[in-house]
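# Remarks on the overall topology
One-letter residues, chain by chain:
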Amino acid sequence: MNDKQHQVTVNFSDGVSRSFSVGEQTNILDAALAAEIPLLYQCRSGSCSSCIAQLAGGDARTRPGASSTLLASEYSAGQRLLCLCQAQSDCTFDVAYSSEVGSSTAQQVHVFVNAVERIASNVMRLTLELADGDWLEFRPGQFMQIEVPGYGVVRSYSPSSTAAQLPKLEFLVRLLPGGAMSGYLEEKATNEDVLTLSGPYGAFFLREEKRRAPHIFVAGGTGLAPILSMIDALRQGSGRKPPMLLSFGCAVPDALFCLEDIELRQQWLPSLEARICVDREPRDGLHQGSPVSALREGDVSADTVAYLCGPQPMIDAATTRLIELGANPANIFAEQFVASH
Ligand code: FES
């Protein structure tokens, strides 16, 4: 069949533009990767949002019958998942990362289990160490896939640690009844087990070029992990630290974790304010309600950069609220945290 060709241009945030041609029946991501365009992607099936791009000109549509995680409002505002998207004309996309980011490809490495520690009623801290001779780089906020030994499945987690702590990697794992990783960590994991890990993946990472702007972090549950990594990366960077607001929440006080880690960071970083939230059973010093409800007038300025990580409804509510408070939608970055069994 004759696949009519169109020219697609991708504009990266560092001013680099790359063009390639794509057939009308071909996924734009496939054509871009064949042309060695450094786009971010992971699942290639519409579920991870890594390949998100903003249509800036022309006509490109989601392939008929494909289902994606994009909200109808995001789609009508021009957002597209390139792995599901076909060009109907010549078109242009903007992506919110620089051309260097996608060039660091995922590695597969071996890691040793260093420690497994329960830190809340349903959260474990998993500390891993890269095997001798293995190495990988990642940006704060990106995620890795870990193969669960004996279960034949992989699970995605973002390190709560930073690249500066390599060869150590730390993850926060939410325990789910019947979950593969939960079963492994609770019943089988022993020190010195060797796991296979691959990464980094994802387009959710600290934007270095915006590090001087005020930051807002909104985290639900173990969505805190990539946020801690980002806060630490800002702390480890040179120069004056920006004002930072962390709004972190769990359902009940017993489910909260890493509060000491947050306090310690507040001592190190006087410009970090933390609001700890619970939906139920409020106590002194805790905000009652979601981490979104803890955001208020005066928190946001025109150049605020926001990073959101948690369940999709929290992300949607936080995005709406931040825009209402004056944030620029282009400065809001989010990653949905999906619990999988
Ligand atoms: S690569 Fe995962 S949504 Fe496109």
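Position labels on residues start from 1 in each chain and follow its written sequence. Selection of residues for local features in this predicted model requires a pLDDT of at least 70, selection of side-chain atom pairs for listing and counting requires 80 or more, and totals for whole chains, interfaces and linings are taken over all residues. Values reported for side chains reflect all heavy atoms of the structure, with hydrogen atoms and water molecules removed beforehand.

### Section: the packing of aromatic side chains
Inclusion rule: Any two of the Phe, Tyr and Trp rings considered here, Trp counted by its six-membered ring, make a pair once their centres fall within 6.5 Å; the pair's planes then place it as stacked at under 30 degrees, edge-to-face at over 60, or tilted in between. The helix count covers DSSP runs of H or I at least four residues long, the strand count covers runs of E at least two residues long, and both are numbered beginning at the N terminus. Think of it in three bands: with a 1.4 Å probe and only protein chains considered, a residue is buried below 20% of the maximum accessible area for its type, exposed above 50%, and partly exposed in between.
Summed over the entire model, instances satisfying the criterion amount to six aromatic pairs. Here Phe204 and Tyr307 contribute two aromatic rings whose centre-to-centre distance is 6.2 Å and whose plane-to-plane angle is 70°, an arrangement assigned as edge-to-face. With Phe204 in the loop between β13 (194–201) and β14 (215–220) and Tyr307 in strand β18 (residues 305–310), this residue pair connects regions lying 103 residues apart in the sequence. Exposure class is identical for Phe204 and Tyr307. Each is buried. Ring plane angle 70° and centroid distance 5.4 Å describe the contact between Phe248 and Phe257, whose orientation is recorded as edge-to-face. Phe257 carries the same exposure label as Phe248, and that label is buried.

### Observations concerning the environment of Ile323
Convention followed: Only heavy atoms matter for contacts: two residues are in contact if any of them lie within 4.5 Å across the pair.
Mapping Ile323 onto the fold places it in helix α6 (residues 312–324). Of the residues examined, Ile323 reaches a relative accessible area of 38% and is grouped as partly exposed. Put simply, Ile323 and Val300 are 23 residues apart on the chain and 9.0 Å apart in space, counted from C-alpha to C-alpha. In contact with Ile323, not counting residues within four places along its chain, are Pro329 and Ile332.

### Overview of the sheet that holds strand β17 (residues 287–288)
In plain terms, the rule: The pairing criterion for strands is at least two bridges between them, as found by DSSP. With axes taken as lines fitted to C-alpha atoms, and helix axes fitted only over the stretch in contact, angles between N-to-C directions fall between 0 and 180 degrees.
Spatially, β17-β16-β15-β14-β18-β19 is the arrangement adopted by the six strands of the open sheet, whose pairing is parallel. Edge positions in the sheet fall to β17 and β19 (332–336), since each has one partner strand and no second. With seven bridges joining them, strand β15 (residues 244–250) and strand β16 (residues 272–278) adopt parallel strand pairing. Residue pairing for β16: Gly249 is matched across the bridge by Cys277. Docked against the sheet, helix α5 (residues 259–268) engages β15 and β16, running at close to 160° with respect to β16. Where α6 meets the sheet, it contacts β14, β18 and β19, and its direction lies at approximately 160° from that of β18.

### Some details on the domain arrangement of the protein chain
Much of the literature gives interface size as the accessible area that the parts lose upon coming together. Formally: Bear in mind that the domain bounds are from an automatic or database domain assignment.
If you check the domain split of the protein chain, you get domain 1 (5–101), domain 2 (105–201) and domain 3 (208–336). Taking only C-alpha atoms, the centre of domain 1 and the centre of domain 3 are 29 Å apart.

### Brief notes about the packing of helix α4 (residues 224–236) against α5
Counted only if it meets this: Note that the term roughly parallel is reserved for angles under 35 degrees, roughly antiparallel for angles over 145, roughly perpendicular for angles of 65 to 115, and oblique for everything else. Throughout, a crossing is termed right-handed when the near helix is turned clockwise from the far one, and left-handed when it is turned anticlockwise from it by less than a right angle.
Two elements in contact, α4 and α5, have axes separated by 11 Å at closest approach and are oriented at 20°. When the interaxial angle is binned, α4 and α5 end up roughly parallel. Crossing of α4 over α5 shows left-handed handedness. In this structure, α4 uses Leu224, Leu228, Ile231, Asp232 and Arg235 to contact α5, whose residues at the interface are Ile262, Arg265 and Trp268.

### Here we look at the pattern of salt bridges
For the record, the criterion: Counted as salt bridges are all cases of a side-chain nitrogen of Lys or Arg within 4 Å of a carboxyl oxygen of Asp or Glu.
All told, the structure shown has 13 salt bridges when counted by the stated rule. Across the pair Arg125 and Glu170 runs a salt bridge whose closest N-O atoms are separated by 3.3 Å. Placement of Arg125 in strand β9 (residues 123–130) and of Glu170 in strand β12 (residues 168–174) is noted, with a sequence separation of 45 residues between them. Residue Arg125 is classed as buried on the basis of its relative accessible area of 13%. Glu324 is the salt-bridge partner of Arg321, the closest N and O atoms lying 2.5 Å from each other. Of the two residues, Arg321 and Glu324 both sit in helix α6, three residues apart, roughly one turn of that helix. Looking at Arg321, the relative accessible area reads 23%, which means it is partly exposed.

### Details of the state of the cysteines
Note on terminology: a disulfide is the covalent bond linking the sulfur atoms of two cysteines. Where we set the bar: Note on terminology: disulfide denotes any pair of cysteine sulfur atoms within 2.5 Å.
Following the criterion strictly, the structure yields zero disulfides and no others. Left without a disulfide partner, Cys91 is nearest to the cysteine sulfur of Cys85, which lies 7.0 Å away. Judged by its relative accessible area of 3%, Cys91 is buried.

### Thoughts on the side chain of Thr127
In this fold, Thr127 is placed in strand β9. Judged by relative accessible area, which is 12%, Thr127 ranks as buried. The residues touching Thr127, leaving out its near neighbours within four places in the chain, are Phe112, Val113, Asn114, Ala115, Lys168, Leu169 and Glu170.

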